[in-house]
Protein chains: 2
Amino acid sequence: MAAVEIERLARLLQRLPGLGPRSARRAVLALLEKREVLLEPLLEALAACAREVRRCGLCRNLDVRDPCSVCADPGRDAGLLCVVETVEDLWALERAGIWKGRYFVLGGTLSALDAVGPEDLGIDLLMRRVAEEGVREVVLALGATVEGQTTAHYLAERLRDRGVTVTRLAHGVPVGGELHYLDEGTLEAALRARQPL
Amino acid sequence: MAAVEIERLARLLQRLPGLGPRSARRAVLALLEKREVLLEPLLEALAACAREVRRCGLCRNLDVRDPCSVCADPGRDAGLLCVVETVEDLWALERAGIWKGRYFVLGGTLSALDAVGPEDLGIDLLMRRVAEEGVREVVLALGATVEGQTTAHYLAERLRDRGVTVTRLAHGVPVGGELHYLDEGTLEAALRARQPL
């Protein structure tokens, strides 16, 4: 239909999460209609990210520097290490502004089906950090999914006898959540972990 | 939270139609995780579009050449001109492969509220094409919205006494559509325009 160049851009945008064929076409048009305010700045921002963003050699976060700004921050408690599945999870915790320790990003979960083993998740690097940086507590902030919990159990096993406390996030009712929308597993976990008022 | 460069890319992606803050962040991560297969090709495709795509001087379509491939196609009937609101509408008709004439893209609809007048929609250019290219029929393929129909009436008025037939798309039941999902206006139009079997 349209020029090859336009088709190619639409096909690539369609590979971004959240964009289907129709919204990719609309995005292409928005870009072409708003060159100065959208296409050109996006081109620059993409080029800057391609040039400058790298993976942190300590925690596998994405940043323009290595070690990343979290690992390099002297105000962070090096004794506390929070293990997350993805950089997105790290960002979510940082937005909440409640974690004063450091992170380790697995980049996924163990999966026999997808052939993801401990080496793909950088678990040796994680073990080295725990051993060398005087980590006191490792929080396994993994998803409450089968894959997340399998990975958490594997990590807990590997971290046993290393002299560190291993914890996981609490399960319960999401703040602002209504009970009748919750599944039975969450309700059971919330009831079992009930707190005195 | 993340590096300024990453934040900037997420903010720009968020301005594309169909991407909210959350999906823009996920898109940034997908780009950064898949550099060779996604980020680099997208960068090239965007640069190619920025460099090469222009607006057709005849019909206001977007293409890498001017006149665009539709206007330049000698196999198209120059006597048939289809007026559409957007390039997206033109693409939709081209995908259907049912129009053998040429197009004219208004780029919007008349709107007193948004201060969009005839000059913004290139209506003088349209009139010139109709006068100079021996156009026999102008199909007003505008949206069946208040704005689309207002614009269609304005154009029909301007095209009167120019010796061209002015038509509009039929209203009716969309193919594959179920009656009970349709609004009353559509049902009424479909009933009034009923066809013998």
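Residues numbered from 1 in each chain as written. Chains lettered and ligands numbered in written order. Predicted model: local features only at pLDDT ≥ 70, side-chain atom pairs only at ≥ 80, totals over all residues. Heavy atoms only, no water.

K.L.:
Before we move on, can you summarise the interface of chain A and chain B with the specific residues and values?
P.N.:
Contact with chain A, which involves 52 residues of that partner, is made by 52 residues of chain B. Together, Pro17, Leu46 and Trp91 of chain A form the three largest contributors to the area buried by chain A at its contact with chain B, with a combined 13%. The interface formed by chain A and chain B holds four salt bridges in total. With its nearest N and O atoms 2.8 Å apart, the salt bridge here joins Glu33 of chain A to Arg55 of chain B. At the junction of chain A with chain B, the criterion picks out eight residue pairs in polar contact (both at pLDDT 80 or more). Contributions of two or more residues to the side of chain A that touches chain B are made by α1 (4-13), α2 (21-33), α3 (35-52), β1 (54-55), β2 (62-63) and α5 (87-96) of chain A. The biggest single contributor to the side of chain A that touches chain B is α3 of chain A, with 16 residues. Each residue belonging to the side of chain A that touches chain B can be placed in one class, and the counts come to 33 nonpolar, two polar and 17 charged. (Contact = heavy atoms within 4.5 Å. Buried area = accessible area lost by both parts, 1.4 Å probe. Salt bridge = Lys/Arg side-chain N within 4 Å of Asp/Glu carboxyl O. Polar contact = N/O pair within 3.5 Å; in protein donor to acceptor, adjacent residues only side chain to side chain. Helix = DSSP H or I, 4+ residues; strand = E, 2+ residues; numbered from the N terminus. Nonpolar A, V, L, I, M, F, W, Y, C, P; charged D, E, K, R; others polar.)

K.L.:
Can you lay out the sheet that holds strand β5 (residues 137-140) of chain A for me, pointing to particular residues and giving the numbers?
P.N.:
All names here are of chain A. Pairing in this open sheet of four strands is parallel, and the strands run β4-β3-β5-β6 from one edge to the other. Taken across any chain shown, the strands that pair with only one partner, and hence form the sheet edges, are β4 (101-105) and β6 (165-168). Across the sheet, the axes of successive neighbouring strands diverge by a mean angle of 25°, strand direction being ignored. In terms of strand pairing, β5 meets β6 through four bridges, oriented parallel. Within β6, the residue paired with Val139 across the bridge is Thr167. Most of the contacts of helix α6 (residues 123-132) go to β4, to which it runs at about 160°, and overall it touches β3 (77-84), β4 and β5. Sitting on the sheet, helix α7 (residues 146-159) is in contact with β3, β5 and β6, with an inclination near 165° to β5. (Pairing = 2+ DSSP bridges. Axes fitted to C-alpha atoms, helices over the stretch in contact; angles between N-to-C directions.)

K.L.:
Could you give an account of the relation of the copies chain A and chain B, naming the residues involved and the relevant values?
P.N.:
Each copy of the sequence occupies a distinct position, and chain A is placed on chain B by a rotation of 180° and an axial shift of 0.0 Å, giving an RMSD of 0.0 Å. What we have between these two chains is a two-fold relation. If distances are taken from each C-alpha of chain A to the rotation axis, the shortest is found for Leu43 of chain A, at 3.2 Å. Comparing interface residues between copies, 100% of those in chain A also sit at the interface in chain B, which points to an isologous, same-surface contact. (Least-squares fit on C-alpha atoms with pLDDT ≥ 70 in both.)

K.L.:
Give a detailed account of the nonpolar core, specifying residues and quantitative values.
P.N.:
Formed by 85 residues in total, the largest nonpolar core has its most connected members in Ile6 and Leu13 of chain A together with Ile6 and Leu13 of chain B. The residues contacting Leu13 of chain B, other than those within four sequence positions of it, are Leu42 of chain A together with Leu19, Ala24, Ala27, Val28 and Leu31 of chain B. (Core = buried A, V, L, I, M, F, W, Y, C linked by side-chain atoms within 4.5 Å. Buried < 20%, exposed > 50% of the residue type's maximum accessible area, 1.4 Å probe, protein only.)

K.L.:
Break down the domain arrangement of chain A for me, with residues and values.
P.N.:
Parsing chain A into structural domains produces domain 1 (4-52) and domain 2 (78-168). Inter-centroid distance (C-alpha atoms) of domain 1 of chain A to domain 2 of chain A is 34 Å. (Domains from an automatic or database assignment.)

K.L.:
Summarise the packing of α6 of chain A against α7 of chain A; cite the residues concerned and give the values.
P.N.:
Residues and elements named next belong to chain A. For the pair α6 and α7, the least separation of the axes is 11 Å and the interaxial angle reads 40°. With respect to α7, the axis of α6 lies oblique. Between α6 and α7 lies a crossing of right-handed hand. Contact with α6, carried on its side by Ile123, Asp124, Leu126, Met127 and Val130, involves Tyr154, Leu155, Arg158 and Leu159 of α7 and no other residues of that element. For the contact of α6 with α7, the class distribution of residues is seven nonpolar, no polar and two charged. (Parallel < 35°, antiparallel > 145°, perpendicular 65-115°, else oblique. Left-handed = near helix turned anticlockwise from the far one by under 90°.)

K.L.:
Lay out the pairing of β5 of chain A in plain terms, naming residues and giving numbers.
P.N.:
Residue and element names in this part refer to chain A. Two elements, β3 and β5, share four bridges in a ladder whose sense is parallel. Residue pairing in the sheet places Val83 in a bridge with Leu140 of β5. Regarding topology, α7 serves as the crossover connection from β5 to the parallel β6, and that connection is right-handed. (Right-handed = clockwise from strand over helix to strand, strands pointing away.)

K.L.:
Now, about the sheet that holds strand β6 (residues 165-168) of chain B: what can you tell me, with residues and values included?
P.N.:
All names here are of chain B. A sheet is described by the order of its strands in space; here four strands give the open sequence β4-β3-β5-β6, paired in parallel fashion. Edge strands, defined here as strands with exactly one partner in the open sheet, are β4 (101-105) and β6. Strand-to-strand twist across the sheet, computed as the mean angle between neighbouring axes with direction ignored, equals 25°. Of the strands in this sheet, β3 (77-84), β4 and β5 (137-140) are in contact with helix α6 (residues 123-132), which crosses β4 at around 160°. Lying on the sheet, helix α7 (residues 146-159) is in contact with β3, β5 and β6; it crosses β5 at an angle near 165°.

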